[in-house]
Amino acid sequence: MAQRFLVSRRDFMRSSAIGTAGLAMGARPSFVAPSDRITIGMIGSGARAHGLVESLKAFPEVEVVAACDAYTGRLERIRDRTDGRADTMADYREIISRDDIDAVVISSPDHWHYQHSVDSLNAGKHAYIEKPMTYSIEEGAGIIEAQRRNNLAVQVGSPGPNGILVQKARQMIQEGKLGQVTMIRASTNRNTASGAWIYPIPPDASPETVDWDLFLGSAPKRPYNPERFFRWRCYKDYSGGLSTDLYVHTCTTINYVMNAQIPERVMAMGDLYRWIHSRDVPDTINASLKYSDGFMVNLSGTFNNQGGNSGGMRILGTEGSLVFGGGLRFIPERVNESNGWITASWPKALADAYIADPAIRHEEMPSSRPQSTIAGEEVYHAEGEDSMHVHIREWLDAIRDGSATKEDAEVGHHAAACAHMINASIEMEKMVTWDGQSLTAN
Ligand SMILES: NC(=O)c1ccc[n+]([C@@H]2O[C@H](COP(=O)([O-])OP(=O)(O)OC[C@H]3O[C@@H](n4cnc5c(N)ncnc54)[C@H](O)[C@@H]3O)[C@@H](O)[C@H]2O)c1
């Protein structure tokens, strides 16, 4: 029988405060020596964690020495994946109280991220925190504070900014190649059950193998429900659905390339049209985000069609566009003024004089210009290291030498805040603003 324990959020705060005080007395140095191996504990050992364990194998100095989870099957597989080297358990506090563990990878369901992150940082562990960093916008400040106070390396799990194409886009935008960027259009679309998070449930799932109360944590109490346990993204109690699962990646990239943080206003609509028996989060969303940095974002997505546009992003500037999807394309703006239809209503002599003006002809009649070559499209493809590998390496470097990560707790908070504002606007059917302390509906 799985080890069972029921801990409310308040109990966790109390117990972890005690645990943290104890750990602080024997505080470990914040950064490990360059030659040292880095030992890692996995907090939440589900599908994503297994992928991350494989990614970590590319770094010989790293060893996954422990893993916790609320389903025994996942722990069994983690033991296989680490050739039996990882100790396994249900309770994450057994991981963060170990002196021989330097860092944790937090890939639990979203409603656990705050508790797992704050407790791990307060126990002196560097943290790779899966996206969305938070389950609610208010949780951001606590994780930022815990990172700063403990001076530890945090990387949040959207690797976009460590992709070479995203860096190219940022460079072009910051150098002014696109002119004035005022609009970004992005979408993510799917049309499969697996894409809509209806994952297969392992046949051995039962109250014997699943620690249901551990999964629930501070979420509303309910009887054991394997759909909720294995498809938690479909339910508001544990997830923010499309916004926090998918748009958070897009917002991370947008914030990075535009040097932006949190939108000043968000207005969104969402509805559940099709997957009505499997969830309580929308399957279709249209959102507008207005940043104080002089641009807006249109984010949309559906789980009901992926034919026309399964996803992508267009960054639109007065001098050119950047299009993500199958590489990165720069498309220069080739525009001509066009007033012929207006001057056609003028007295003929005035209209003829207008178009006879060489400056007007140059602007409005490309055929009248001397032949010239003008900048054409540029297409970039990513080569070399995978962004995920670079993202993890950046975190490991930060653990070793205190260097910065691109996605620390503050950056993770900004990206998650975009998603939370979208959801708040949908829920309240109002435009929302965030003043750093609270969300207001207008
Ligand atoms: N960056 C990416 O591209 C990416 C991709 C997939 C998932 N993710 C993120 O990773 C996280 C995990 O997603 P997943 O797809 O692996 O989900 P999952 O359901 O496969 O894994 C979550 C695991 O956490 C375990 N768990 C639940 N409560 C726990 C608790 N209190 N203590 C310890 N373990 C607990 C569950 O038993 C489960 O095995 C999510 O935040 C998700 O958004 C990120």
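Residues numbered from 1 in each chain as written. Predicted model: local features only at pLDDT ≥ 70, side-chain atom pairs only at ≥ 80, totals over all residues.

**Quick notes on the pairing of strand β9 (residues 284–291)**
Here comes step 1: The two faces of β9 differ: Ile285, Ala287, Leu289 and Tyr291 on one face are buried, but Thr284, Asn286, Ser288 and Lys290 on the other face are not.
Here comes step 2: When strand β8 (residues 265–271) meets β9, the two strands line up antiparallel, connected through 7 bridges. Looking at β9, one finds that Ala268 is bridged to Ala287.
Here comes step 3: Sheet analysis places β9 next to strand β10 (residues 295–302), joined by 8 bridges and oriented antiparallel. Paired with Ser288 across the strands is Asn298, a residue of β10.
Here comes step 4: In sequence, β9 turns back onto β10 through a hairpin of 3 residues, with Gly294 there showing a positive phi of about 90 degrees. (Buried ≥ 20, exposed ≤ 12 C-beta atoms within 10 Å, placed from the backbone. Helix = DSSP H or I, 4+ residues; strand = E, 2+ residues; numbered from the N terminus. Pairing = 2+ DSSP bridges.)

**A word on the site of the ligand**
Here comes step 1: Taken together, the neighbourhood of the ligand is formed by 27 residues, with Gly44, Gly46, Ala47, Arg48 and Glu130 sitting nearest.
Here comes step 2: Looking at the shell around the ligand, the elements with two or more residues in it are α2 (47–56) and α8 (212–216).
Here comes step 3: Ranked by residues supplied to the shell around the ligand, first place goes to α2 with 3 residues.
Here comes step 4: In terms of residue class, the shell around the ligand is made up of 12 nonpolar, 8 polar and 7 charged. (Near = placed C-beta within 6 Å. Nonpolar A, V, L, I, M, F, W, Y, C, P; charged D, E, K, R; others polar.)

**A word on the confidence of the model for the chain**
Here comes step 1: Overall, the predicted model of the chain reaches an average pLDDT of 92, with 92% of residues at or above 70.
Here comes step 2: In the model, residues 1–30 has pLDDT below 50 throughout and makes 37 contacts with residues more than four positions away in sequence or in other chains. (pLDDT = per-residue confidence, 0-100. Contact = placed C-beta atoms within 7 Å.)

**Considerations on the packing of helix α10 (residues 241–258) against helix α15 (residues 409–428)**
Here comes step 1: Across the interface, α10 lies against α15 with an axial gap of 8 Å and an inter-helix angle of 130 degrees. Our classification of the angle between α10 and α15 gives oblique. The chirality of how α10 crosses α15 is right-handed. Here α10 contributes Ser243, Thr244, Tyr247, Val248, Cys251, Thr252 and Asn255 to the contact with α15, which in turn contributes His414, Ala415, Ala416, Cys418, Ala419, Ile422 and Asn423.
Here comes step 2: Residues of the contact of α10 with α15, tallied by class, amount to 8 nonpolar, 6 polar and no charged. (Axes fitted to C-alpha atoms, helices over the stretch in contact; angles between N-to-C directions. Parallel < 35°, antiparallel > 145°, perpendicular 65-115°, else oblique. Left-handed = near helix turned anticlockwise from the far one by under 90°.)

**Describing unusual backbone geometry**
Here comes step 1: Geometrically, the link from Lys131 to Pro132 is a cis peptide bond, its omega value of -15 degrees lying close to zero.
Here comes step 2: By the element assignment, Pro132 lies in the loop between β5 (126–129) and α6 (140–150).
Here comes step 3: Phi is positive for Asn259, close to 55 degrees, though the residue is something other than glycine.
Here comes step 4: Mapping Asn259 onto the fold places it in the loop between α10 and β8.
Here comes step 5: Note on Asn259: 10 C-beta atoms within 10 Å, which makes it exposed.
Here comes step 6: Despite not being glycine, Glu429 has its phi angle at roughly 55 degrees, a positive value.
Here comes step 7: Taking the number of C-beta atoms within 10 Å as the measure of exposure, Glu429 has 10 and is therefore exposed.

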